[in-house]
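# Fold and contact review
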Amino acid sequence: MEISASEGIITIKGNIKSIHDFQDIKNLVDGVVAHHKAITIHIVDSISLTSSVIGYLNKLVLKDGINIVLKIGNPDLLDLISDLNLTATFNAKRL
């Protein structure tokens, strides 16, 4: 997995599958939300999201009031977000 950030936009390439991936995402997102109350996350080609990432993003939206827009490249992952009833919470859209 590769992750980068620029001006409130976080781009994740590769599969999100391990606790190490979660730690990398959390550390970068924490740094970005320290300066931005709205962030966009591009999940370019991952076929999954770990429950820890979903829980962390949910906490950011519901508890911390961060506005998140998820732009997802893989249609199966977008369907998963929809099945979990998180489309509106994460403002999930096709990349």
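Check the entry above for the structure.
Remember, it's a predicted structure, so these values are computed and weren't measured experimentally. (Residues numbered from 1 in each chain as written. Predicted model: local features only at pLDDT ≥ 70, side-chain atom pairs only at ≥ 80, totals over all residues. Heavy atoms only, no water.)

A few words now on the nonpolar core. Grouped together as the largest cluster of nonpolar side chains are 28 residues, with contacts concentrated most on I39, I41, L57, I68 and L70. Taken together, the elements giving at least two residues each to this core come down to strand 2 (9–13), helix 1 (19–33), strand 3 (38–43), helix 2 (51–62), strand 4 (67–72) and helix 3 (75–83). The biggest single contributor to this core is helix 2, with 6 residues. Setting aside residues no more than four positions away along its own chain, I39 makes contact with G8, I10, V29, V32, V33, I66, N67, I68 and V69. (Core = buried A, V, L, I, M, F, W, Y, C linked by side-chain atoms within 4.5 Å. Buried < 20%, exposed > 50% of the residue type's maximum accessible area, 1.4 Å probe, protein only. Helix = DSSP H or I, 4+ residues; strand = E, 2+ residues; numbered from the N terminus. Contact = heavy atoms within 4.5 Å.)

Enumeration according to the criterion identifies 2 salt bridges in this entry. Between D30 and K26 there is a salt bridge, with its nearest N and O atoms 2.9 Å apart. Of the two residues, D30 and K26 are both situated in helix 1; the distance of 4 residues between them amounts to about one turn of the helix. The class of D30 is partly exposed, set by a relative accessible area of 31%. What makes K26 partly exposed here is its relative accessible area of 27%. Close ionic contact of D64 with K59 constitutes a salt bridge, the shortest N to O distance being 2.6 Å. By relative accessible area, which is 31% here, D64 ends up partly exposed. The class for K59 is partly exposed, based on a relative accessible area of 36%. (Salt bridge = Lys/Arg side-chain N within 4 Å of Asp/Glu carboxyl O.)

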